[in-house]
Amino acid sequence: MKNSITIKQLLAESSPVDRHMRQQWLLHCLNQPLGYLISHGDDTLSDKVLANYRAGLAQLAQDIPLAYIIGRQMFWRHEFLVNEHTLIPRPDSERLVETVLDVLNNPKNSLSKNHTNQPKQLLDLGTGSGCLAISLALELPDWHITAVDISTDALQVAQQNVTALQANNVTLRQGSWFVSFAAMPSPPQFEVIISNPPYIAADDTHLAQLHAEPLRALVAADNGLADIAHIIKHSREFLVAHGLLAFEHGYQQGGAVRKLLAEAGFDAIQTVRDYGDNERVTFGFA
């Protein structure tokens, strides 16, 4: 028997999944924009669309993120492929992209000024889906971006995004933080190093909301600061004089990150707030 349920009736059904999330998933199943649900509320759904919708709704009810079900997520100006091996790009991480671009556009520093024929170098540590590295690569086409991750599964996703978005100035490397450069005769020198490293403490209650995402990309020892401290400790070997080091970090970690940078001899240290007015990005100069 052919289905006769309408869009309006379907969205009126009781569900543990909030209405906005159900609307977003249904729009994906229909391949339609938001206004479609308003103007076509009395339209009946095909059996195929209804089956796809209910299958995805069951996953949403199990707290599988919508981005993993759809397989992609918008970030900055582009859509990125994601899966269970990568973190889901979040709007707050865009502040790291904005911060780097603001610093490079500041006429008071020389990081964006090229006095040689060689491209400027930027390093993204813990790249995951590649959203930070690729977003900056597309904004900085004259730069060369190196993106590192310990997870080969994450790097496969990042490579797909590099190819899809034609970010030809991005090179991917596998390894833990700076380890992939250890065998080189002389360490590469970067004008900018960025990272959105694991920064959540193992006992943080927020982890319960992130259970579907890879814990290795979320949790760090020493109350969430171990990886940030490690990067700061070793970064000066890989930064040019007055090079920029910038992190995304937890909303309560701004003071601790500023202290770590200051103790390591970084200058002009600043913290930028996210869209929720929380301290989110901290940077300094070598």
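Residues numbered from 1 in each chain as written. Predicted model: local features only at pLDDT ≥ 70, side-chain atom pairs only at ≥ 80, totals over all residues. Heavy atoms only, no water.

The subject of this paragraph is the UniProt feature "domain: Methyltransferase small" (unreviewed entry) in the protein. As annotated by UniProt and renumbered to match this structure, "domain: Methyltransferase small" (unreviewed entry) occupies residues 117-208. The span residues 117-208 shows a helical share of 24% and a strand share of 24%, and its end C-alpha atoms are spaced 49 Å apart. (UniProt positions renumbered as here; feature names shortened; annotations may be inferred. Helix = DSSP H or I, 4+ residues; strand = E, 2+ residues; numbered from the N terminus.)

With that settled, the discussion passes to the UniProt feature "binding site: substrate" (unreviewed entry) in the protein. Per the UniProt entry, the sites bearing "binding site: substrate" (unreviewed entry) are N196, P197, P198 and Y199 in this numbering. By secondary structure assignment, the location of N196 is in the loop between β6 (190-195) and α9 (221-224). If we ignore the near neighbours within four places in the chain, the residues touching N196 are S93, L125, G126, L132 and E248. Of the polar contacts made by the side chain of N196, one reaches the side chain of E248; its length is 3.3 Å. Structurally, P197 can be placed in the loop between β6 and α9. Aside from chain neighbours lying at most four places away, what touches P197 is W177, A217, D227, I228, I231, F247 and E248. (Contact = heavy atoms within 4.5 Å. Polar contact = N/O pair within 3.5 Å; in protein donor to acceptor, adjacent residues only side chain to side chain.)

Quick look at the nonpolar core now. Within the largest apolar cluster, 33 residues are counted, with the highest numbers of intra-cluster contacts made by V100, L122, L136, V192, I194 and L244. Listing elements by their share of this core, those giving two or more residues are α6 (94-104), α7 (131-139), β4 (144-149), β6, β7 (239-248) and β9 (279-285). The contact partners of V192, leaving out residues within four places of it in the chain, are V100, L104, Q121, L122, L123, W143, L239 and L244. With 25 residues, the next largest nonpolar core counts L123, Y199, F238 and L261 among its residues. (Core = buried A, V, L, I, M, F, W, Y, C linked by side-chain atoms within 4.5 Å. Buried < 20%, exposed > 50% of the residue type's maximum accessible area, 1.4 Å probe, protein only.)

Below, the discussion takes up the domain arrangement of the protein. Taken as a whole, the protein is organised into domain 1 (7-62) and domain 2 (85-285). Inter-centroid distance (C-alpha atoms) of domain 1 to domain 2 is 37 Å. (Domains from an automatic or database assignment.)

Looking now at the environment of V97. Residue position: V97 is located in helix α6. For V97, a relative accessible area of 0% gives the class buried. Aside from chain neighbours lying at most four places away, what touches V97 is F75, W76, L132, S135 and L136.

We now examine the pattern of salt bridges. Scanning the entire structure with this criterion turns up ten salt bridges. Residue K259 pairs with E263 through a salt bridge whose shortest N-O separation is 3.9 Å. On the criterion of helical spacing, the pair formed by K259 and E263 is a turn pair, its members being four residues apart in helix α11 (residues 254-263). For E263, a relative accessible area of 57% corresponds to the exposed category. (Salt bridge = Lys/Arg side-chain N within 4 Å of Asp/Glu carboxyl O.)

Across four bridges, the pairing between strand β1 (residues 72-75) and strand β2 (residues 78-81) is antiparallel. In the sheet register, M74 faces β2, and the bridge partner there is E79. With antiparallel pairing between neighbouring strands as the criterion, β1 and β2 make up a hairpin whose turn holds two residues, including W76 at a positive phi of roughly 55°. (Pairing = 2+ DSSP bridges.)

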